[in-house]
Amino acid sequence: MAKAAQNKIAAPTKGAPPRRSPKKQPYVLEDQIGFVLRQVWQRHAAIFAREIGINLTPTQWAALAKLTETGPCSQNQLGRLTAMDVATIKGVIDRLTARGLTETSSDPQDGRRLLVSLTRAGQAMAEKAAPSALAISKETLAPLDAKEREIFVTLLNKLR
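Throughout what follows, the structure given in this document is the object of discussion. (Residues numbered from 1 in each chain as written. Predicted model: local features only at pLDDT ≥ 70, side-chain atom pairs only at ≥ 80, totals over all residues. Heavy atoms only, no water.)

What to know about the side chain of Thr-140
In step 1: Tracing the backbone through its elements, the reader meets Thr-140 in helix α6 (residues 120-140).
In step 2: The class for Thr-140 is buried, based on a relative accessible area of 14%.
In step 3: Those residues in contact with Thr-140 that sit more than four places away from it in its chain are Arg-43, His-44 and Ile-47. (Helix = DSSP H or I, 4+ residues; strand = E, 2+ residues; numbered from the N terminus. Buried < 20%, exposed > 50% of the residue type's maximum accessible area, 1.4 Å probe, protein only. Contact = heavy atoms within 4.5 Å.)

Rendered as structure tokens:
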């Protein structure tokens, strides 16, 4: 009897069009990897802005961090190492240089090449920001347990 009642409820009323289950759309934005990655990036960027503790953008931090790792290198090489195009890395270095955090000089081995290096102030800022940057990464991944973090980072690296 209960089943008959359910069928009766689900039946269309007289004169109404038959009910159809919602059609699965072939492209649902919220299911797309690019959309999800952008939302994750926006969350990470908000955490970064709140926690970095100094006036740096993520791209400026990337340049300072990489220069800390590599020492002086060409502006083009720094752009490749930080996944920035030529125009972006030039703007980043111009802003960091204006703030006294980096300096540029001609490469003694190739005068056409511009070398970028940290100033003492840039080195001090990078050292001061490093613990915050580590905490930012930790907070970004906080919803995942240790095994999930390892898998997630491994999978992201496969997508590079």
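Quick word on the pairing of strand β3 (residues 110-118)
In step 1: Relative to β3, strand β1 (residues 73-74) is paired through two bridges, and the arrangement is antiparallel. Its bridge partner being in β3, Cys-73 is matched across the sheet by Val-116.
In step 2: Sheet topology note: the strand β2 (residues 102-107)/β3 ladder contains six bridges and is antiparallel. Note on β3: the bridge partner recorded for Ser-105 is Leu-115.
In step 3: What sits between the antiparallel neighbours β2 and β3 is a turn of two residues. (Pairing = 2+ DSSP bridges.)

Some words on the environment of Thr-119
In step 1: By the secondary structure assignment, Thr-119 is in the loop between β3 and α6.
In step 2: Taking relative accessible area as the criterion, Thr-119 reaches 14% and is therefore assigned buried.
In step 3: For Thr-119 and Leu-101, which are 18 residues apart along the polypeptide, the C-alpha to C-alpha distance reads 5.3 Å.
In step 4: Of note is the side chain of Thr-119, whose polar atom sits 3.0 Å from the backbone nitrogen of Gly-122. (Polar contact = N/O pair within 3.5 Å; in protein donor to acceptor, adjacent residues only side chain to side chain.)

Quick notes on the sheet that holds β2
Within a sheet, each strand pairs with its neighbour through backbone hydrogen bonds, oriented either parallel or antiparallel.
In step 1: An order of β1-β3-β2 is seen for the three strands of this open sheet, with the pairing classed as antiparallel. Lying at the two open borders of the sheet, with one neighbouring strand each, are β1 and β2.
In step 2: Sheet strands in contact with helix α3 (residues 58-70) are β1, β2 and β3, and its direction is about 105 degrees off that of β3. (Axes fitted to C-alpha atoms, helices over the stretch in contact; angles between N-to-C directions.)

Structural notes on the pattern of salt bridges
In step 1: Overall, the coordinates contain nine salt bridges when judged by the stated rule.
In step 2: Lys-24 is paired through a salt bridge with Asp-31; the nearest N and O atoms lie 3.5 Å apart.
In step 3: On the basis of relative accessible area, Asp-31 is assigned to the exposed category, the value being 52%.
In step 4: A salt bridge links Asp-94 to Lys-90; the shortest N-O distance between them is 2.8 Å. Taken together, the residues Asp-94 and Lys-90, both in helix α5 (residues 86-98) and four residues apart, mark about one turn of the helix.
In step 5: The class of Asp-94 is partly exposed, set by a relative accessible area of 40%.
In step 6: Assessed through its relative accessible area of 43%, Lys-90 is described here as partly exposed.
In step 7: When salt bridges with common partners are traced through the structure, they connect Asp-107, Asp-110, Arg-112 and Arg-113 into a single cluster. (Salt bridge = Lys/Arg side-chain N within 4 Å of Asp/Glu carboxyl O.)

From the geometry alone we can't say anything about function, so treat these as descriptive.
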